[in-house]
Amino acid sequence: MPPNPVVAFGSSEHSFYIGCGLQYFAIGMPQSLLGTISKLPAIKLSWLATDAQAQGWVAYDSHEKTFHFDPTIPKELLEKLKGQAEYVTLGPSKDRYFVKLPATAWTANLPDEAVKDHQELRARLGPNFDTTLIYGLSVGFLPLLDDDAKGGKLEQVLKEKEDDWLIERGSSLCQWNANYFYLMFKHIPTGRVQIVWELPEQMNTKLWELRKYADTPKGRQEIDAYQAMELMAVHQRFVSRKFAVPESERAQLIVRFSTGNANGGESVHGPSYDDGMAKFENLVVERIGNSQGECI
């Protein structure tokens, strides 16, 4: 099975990001995001939040435990990212947001009507209240659908999953068309994850292409090699800090990783971690100059 894709809607059917494994496709997205994702493969992304104007964005690197973000996001949101933020959802514009904090805490800058809905739900649900858009609860989820979504495919899917399923982070709802969505469900009794989506034609085509490639022998080899190099990098940083190995000596470290091919795998030697990373960078689908977002 290929790794779970990362999907983010932009401002139209010609504005989106889809990544799977080490490769991605992005069109009509902010330049700062393109600069970041050209160096940050989808396999490291836990989720990517974008606003409906395709201007603001926040992403979470699950390997490094860091946030990446557009440098023009509101100061108040930036302070939350530097604090205890766990998850972010952006709204119609980058100055509208919802931030999940530890335990049942949250903070947001939302339209008055949305704030009222949140406050009423929090009072009614107490400690089960968790996140936003489709409200994620510790025992399930609660959808609040507007008129555009009622009676459509989204409502149908949510009704089918209303018992014993959770909404996982990484799910995404299209803000310009209620008929499009990408939802990750987790079955509470078994822990099984199921992904259900309805996407515009171009997005759907790119999603299938990237998933298919990531599941080929070559795609799996590249992913296995990258993950092994990531482990080596962590080990190298640990050794450097603990034993103060000089840079000249660290450069001599040999990278050894499994190709994970269809024949059961074999060991391959590379000259160094830096050279290995240079080879990996050549696998990236797009290279977008030096413009990129910031990271904390």
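This text gives an overview of the structure that appears in the document. In this text, all values refer to a predicted model and were calculated from it rather than measured experimentally.

## Quick notes on the overall build of the chain
Working step 1: Along its length, the chain carries eight helices and 18 strands.
Working step 2: Looking at the chain as a whole, 47% of its 296 residues are labelled buried.
Working step 3: Across the chain, contacts joining residues at least 24 apart in sequence account for 48% of those joining residues at least 6 apart.
Working step 4: Carbon together with sulfur atoms contributes 49% to the accessible area of the chain, which is approximately 15100 Å² in total.

## Focus: the pattern of salt bridges
Working step 1: Scanning the entire structure with this criterion turns up nine salt bridges.
Working step 2: For Arg220, the salt bridge identified is with Asp215, shortest N-O distance 3.6 Å.
Working step 3: For Arg220, a relative accessible area of 30% translates into the label partly exposed.
Working step 4: The exposure class of Asp215 is partly exposed, given its relative accessible area of 30%.
Working step 5: Among the charged side chains, a network of salt bridges with common partners joins Lys44, Asp61, Glu64 and Glu230.

## Some details on the packing of aromatic side chains
Working step 1: For the structure shown, the criterion picks out 10 aromatic pairs.
Working step 2: Plain terms: the ring middles of Trp47 and Tyr87 are 4.9 Å apart, the flat faces sit at 70° to each other, and that makes the pair edge-to-face. Placement of the pair is Trp47 in strand S4 (residues 45-50) and Tyr87 in strand S7 (residues 87-90), with a sequence separation of 40 residues. In this pair, the class of Trp47 matches that of Tyr87, namely buried.
Working step 3: With 5.7 Å between their ring centres and 65° between their planes, Trp176 and Tyr180 make a pair best called edge-to-face.
Working step 4: With relative accessibility at 21%, the residue Tyr180 sits in the partly exposed group.
Working step 5: Of note, Arg211 hangs over the ring of Trp208, and the distance from its end group to the ring centre comes to 5.3 Å.

## Looking at the pairing of strand S1 (residues 6-9)
Working step 1: Side-chain alternation along S1 places Val6 and Ala8 on one buried face and Val7 and Phe9 on a second face that is also buried.
Working step 2: For S1 and strand S2 (residues 16-20), the ladder comprises four bridges, and the chain directions are antiparallel. Directly across from Phe9, in S2, lies its bridge partner Phe16.
Working step 3: Counting the residues between successive antiparallel strands, the hairpin from S1 to S2 contains six residues.

## Remarks on the sheet that holds S7
Working step 1: The three strands are arranged S7-S8-S9 in an open sheet whose pairing can be described as antiparallel. Only two strands of the sheet have a single neighbouring strand rather than two, namely S7 and strand S9 (106-109). Averaged over neighbouring strand pairs, the angle between their axes works out to 10° when direction is ignored.
Working step 2: Each of S7, strand S8 (97-100) and S9 touches helix H2 (residues 75-82); the most contacted strand, S8, lies at about 15° to it.

## Overview of the environment of Phe69
Working step 1: Of note, Phe69 is situated in strand S6 (residues 66-69).
Working step 2: Distance in space between the C-alpha atoms of Phe69 and Ala49 is 9.4 Å, their sequence separation being 20 residues.

## Concerning unusual backbone geometry
Working step 1: Unlike most non-glycine residues, Lys65 shows phi in positive territory, near 60°.
Working step 2: Looking at the secondary structure, you find Lys65 in the loop between strand S5 (57-61) and S6.
Working step 3: Relative accessible area serves as the criterion here: at 58%, Lys65 is assigned to the exposed category.
Working step 4: You will see that Asp164, though not glycine, has its phi angle at about 70°, which is positive.
Working step 5: Tracing the sequence through the fold places Asp164 in the loop between helix H4 (153-160) and strand S12 (165-167).

Rules used in this analysis
Residues numbered from 1 in each chain as written. Predicted model: local features only at pLDDT ≥ 70, side-chain atom pairs only at ≥ 80, totals over all residues. Heavy atoms only, no water. Helix = DSSP H or I, 4+ residues; strand = E, 2+ residues; numbered from the N terminus. Buried < 20%, exposed > 50% of the residue type's maximum accessible area, 1.4 Å probe, protein only. Contact = heavy atoms within 4.5 Å. Areas by Shrake-Rupley, 256 points an atom, 1.4 Å probe, with all protein chains shown as cover. Salt bridge = Lys/Arg side-chain N within 4 Å of Asp/Glu carboxyl O. Phe/Tyr/Trp six-rings, centres within 6.5 Å; stacked < 30°, edge-to-face > 60°. Lys NZ or Arg CZ within 6 Å of the ring centre and 35° of its normal. Pairing = 2+ DSSP bridges. Axes fitted to C-alpha atoms, helices over the stretch in contact; angles between N-to-C directions.

Honestly, that's just the spatial picture; any functional story needs more than this.
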